[in-house]
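Close look at the chain arrangement
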Amino acid sequence: MSTPQPVPEQTGAAGLARRLGLGDAVLIGLGSMVGAGVFVVWSPAARAAGSGLLAGLVIAAVVAYCNAASSAQLAAVYPVSGGTYVYGRERLGEWWGFAAGWCFVIGKTASCAAMALTFATYVTDVDWLRRLIALTAVVALAAVNYRGITRTARLARILVTCTLLVLALVLVLLFTGEPQHHASAGTSAYGVLQSAGLLFFAFAGYARIATMGEEVREPARTIPRAITIALVIAIGIYLLVAFALLRTGDPASTTAPLAAAVDGVGAAWATPIVRIGAALASLGALLALIAGVGRTTLAMARNQDLPTWLAAVHPRHQVPHHAELALAAVVGVLVLSTDLRGVIGFSSFGVLLYYAIANASAFTQPADQRRWPRAVNVIGLTGCLVLAVTLPWTSAAVAAAFLAAALLVRRLRTGRAGSARS
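The rules behind each value
- Per-chain numbering applies: the sequence of each chain, read as written, is numbered from 1 onward.
- Per-residue local features of the predicted model are confined to residues with pLDDT of at least 70, and side-chain atom pairs are confined, for both listing and counting, to 80 or more; whole-chain, interface and lining totals are unaffected and use all residues.
- Excluding hydrogens and water, the side-chain figures rest on all heavy atoms present in the structure.
- Helical segments are the DSSP runs of H or I of at least four residues, strand segments are the runs of E of at least two, and each set is numbered from the N terminus.
- Pairs of residues are marked as contacts when any of their non-hydrogen atoms sit within 4.5 Å.
- All accessible areas in this document rest on Shrake-Rupley with a 1.4 Å probe, and a residue is counted as covered only by the protein chains that are shown.
- Any two of the Phe, Tyr and Trp rings considered here, Trp counted by its six-membered ring, make a pair once their centres fall within 6.5 Å; the pair's planes then place it as stacked at under 30 degrees, edge-to-face at over 60, or tilted in between.
- Burial classification: accessible surface area is computed with a 1.4 Å probe over protein chains only, and a residue below 20% of its type maximum counts as buried, one above 50% as exposed, and the rest as partly exposed.
- By definition, being over a ring means that NZ of Lys or CZ of Arg is both within 6 Å of the ring centre and within 35 degrees of the ring normal.
- In this description, a line fitted to the C-alpha atoms serves as the axis of each element, helices being fitted only across the stretch in contact, and the angle between N-to-C directions of two axes falls anywhere from 0 to 180 degrees.
- By definition in this entry, angles of less than 35 degrees are roughly parallel, angles greater than 145 are roughly antiparallel, angles of 65 to 115 are roughly perpendicular, and the rest are oblique.
- Should the near helix be turned counterclockwise from the far one by less than a right angle, the crossing is left-handed, whereas a clockwise turn marks it as right-handed.
- As defined here, a cavity is a set of points on a 1 Å grid over the protein atoms alone where a 1.4 Å probe fits but cannot get out. A pocket is an open set with protein on both sides within 12 Å along at least five of seven lines, and residues line them when an atom is within 4 Å of a point.
- Grid points are joined across faces, edges and corners, and a volume is the space filled by probe spheres set on the points.
- Under the grouping applied here, Gly and all other residues not named as nonpolar or charged are polar, the nonpolar ones being Ala, Val, Leu, Ile, Met, Phe, Trp, Tyr, Cys and Pro and the charged ones Asp, Glu, Lys and Arg.
- Definition used in this section: a nonpolar core is a set of buried Ala, Val, Leu, Ile, Met, Phe, Trp, Tyr and Cys residues joined via side-chain atoms within 4.5 Å.
- Salt bridge criterion: a side-chain nitrogen from Lys or Arg within 4 Å of a carboxyl oxygen from Asp or Glu.

The helix and strand inventory of the protein chain stands at 18 helices and 0 strands. Considering only residue pairs separated by 6 or more positions, the protein chain has 84% of its internal contacts joining residues 24 or more positions apart. Summing over all exposed atoms, the protein chain offers an accessible surface of approximately 16,100 Å²; the carbon and sulfur share of this is 66%.

Here it is in structure tokens:
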């Protein structure tokens, strides 16, 4: 079990090209973490935590760091596409890997649709037009991914830069504006934990670096560094934004807290800039999501946990083009048929289970593969499970039902396959 999985080129399967350096990997991860989440996650988290919002953010950051450490330690040994789907299979067994991959795919497919709709919401308030714009964004960014990972990294660099510039402007305006006094809502331990689970939605982007491990140059060195750098930067940004929002108003009172805070300090002229920044951040998150889900789908298809048609790699562009086309089609249907209001809780539940399996997998690694003590894995695993069960119960129940259905289908399919062989 401790033998690293060979890369696809060694097994005869079509492999992906290693084209990403450290800077590219950091930007893809940062684009996922400092994406639309930084503009939209504060409202539901603040409603859950009340005056304990900062405590919830710190808890989410600690759990995210432990998860990132486990993911980096595993990715250095298994530098192939698939992330925890691969790690779970190698360290814990096929069923654990399947559960991790399925949690990632369903959670992040829903998040793709949410990001597309978030982008469209900042463009228009007309429902049918918003859905059409969201669909256009999905098709356009899927086309960028289809053309190759270097184009994905190049566009991610532009979108991340624009997002960071807008956030810098927002922080300057909020920290130089007059503090606004507001009544602090009460809080509870359960509310703080629920807010941490919701805020975790914003930190999940480092998974994108690990899932693209097959396309990173010098993965054993690059992936751990990229995950750590991207996460530290993201945590710093989120802490600054949280302090600024609490200083200038009540983020629980609005669905667009950054725009409302800027308007509240007398800088209404900057509100359109904030809206543009949120739209660009949504596109950046959608771009990285499409890339990450496509790579996990590729890995699952290689092991026949999804249709093998999805395992195809484009001979010229070196991307999992069938997986990305299928993903674009599913997300396109979602943006036309649902508003996904509960997607943050749904996505967080799936991703927390995904990282719980990552921590359990890292715990089993021998001493010569370890970069952090096992205590980090234990804290990460415990944190993931605690935050998952404190999420809004409807979101958790739906996500759990999807996972149970997938496990049942796999059990029936493997049972029939075993009967046929006998």
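Turning next to the packing of aromatic side chains. Scanning the entire structure with this criterion turns up 7 aromatic pairs. With a centroid separation of 6.4 Å and an interplanar angle of 10 degrees, the aromatic rings of F98 and W102 are classed as stacked. With F98 and W102 both in helix α7 (residues 94-121) and 4 residues apart, the pair spans about one turn of that helix. With a relative accessible area of 4%, F98 lands in the buried category. Relative to Y355, the ring of F200 lies with its centre 5.9 Å away and its plane at 80 degrees, an arrangement referred to as edge-to-face. In this pair, F200 sits in helix α10 (residues 189-203) while Y355 sits in helix α16 (residues 343-363), placing the two residues 155 residues apart along the sequence. A single burial state applies to F200 and to Y355, both of which are buried. One aromatic cluster is present, formed by F104, F200, Y354 and Y355 through successive ring pairs. Here the guanidinium or amino end of R374 rests over the ring plane of F363, the centre of that ring lying 5.3 Å away.

Let's shift gears to helix α4 (residues 42-49). Counted residue by residue, α4 has 6 buried out of 8 residues, so it is predominantly covered. Those residues of α4 that are buried are in contact with α3 (37-40), α5 (53-77), α10, α12 (219-248) and α13 (257-264). Phi turns positive one or two residues past the end of α4, at G50, with a value near 65 degrees.

Attention shifts here to the packing of α16 against helix α17 (residues 374-389). Interhelical geometry of α16 versus α17 gives an angle of 160 degrees and a closest axis separation of 8 Å. Relative to α17, the element α16 is oriented roughly antiparallel. The hand of the α16/α17 crossing is left-handed. Across the interface between the two elements, F349, L352, L353, Y355, A356, N359, A362 and F363 from α16 touch R374, V376, N377, V378, G380, L381, C384, L385, L387 and A388 from α17.

Positionally, S70 belongs in helix α5. Residue S70 is classed as buried on the basis of its relative accessible area of 1%. Aside from chain neighbours lying at most four places away, what touches S70 is A358, N359, A362 and N377.

Bringing the layout of surface pockets into the picture now. If a probe the size of a water molecule is rolled over the atoms, the empty space left behind becomes visible. A volume near 440 Å³ is recorded for the second largest pocket. In terms of lining, the second largest pocket is formed by 22 residues, of which the most central are V105, I106, T109, A110 and V330. Listed by contribution, the elements that provide at least two residues to the lining of the second largest pocket are α7, α14 (271-302), α15 (321-337), α16 and α18 (393-421). Among the residues forming the lining of the second largest pocket, the class breakdown is 17 nonpolar, 5 polar and no charged.

Here the focus is empty space enclosed by the protein. Within the structure shown, the criterion is met by 4 cavities of 30 Å³ or more. One number sums up the size of the second largest cavity: a volume of about 40 Å³. Residue lining of the second largest cavity: Y65, A68, A69, A72, I227, T228, L231 and W372, and that is the complete set. Every element with two or more residues in the lining of the second largest cavity is listed here: α5 and α12. A per-class count over the lining of the second largest cavity returns 7 nonpolar, 1 polar and no charged.

Listing the buried residues of α13 in full gives P257, L258, A259, A261 and V262. Phi turns positive, to about 80 degrees, at G266, one or two residues after α13.

The biggest cluster of nonpolar side chains holds 138 residues, and the ones touching the most others in it are F39, W42, F203, V241, L258 and L286. When near neighbours in sequence (up to four residues on either side) are disregarded, F203 contacts M33, L57, A60, A61, A64, L231, A234, I235 and Y238.

Here the focus is the pattern of salt bridges. Taken as a whole, this structure holds 7 salt bridges when the rule is applied. A salt bridge links D305 to R89; its shortest N-O distance comes to 3.4 Å. Residue D305 is found in the loop between α14 and α15, and its partner R89 is found in helix α6 (residues 84-91); the two are separated by 216 residues along the sequence. Residue R130 pairs with D127 through a salt bridge whose shortest N-O separation is 2.9 Å. With R130 and D127 both in helix α8 (residues 127-146) and 3 residues apart, the pair spans about one turn of that helix. Via salt bridges that share partners, R89, E94, D305, R410 and R413 belong to a single interconnected network.

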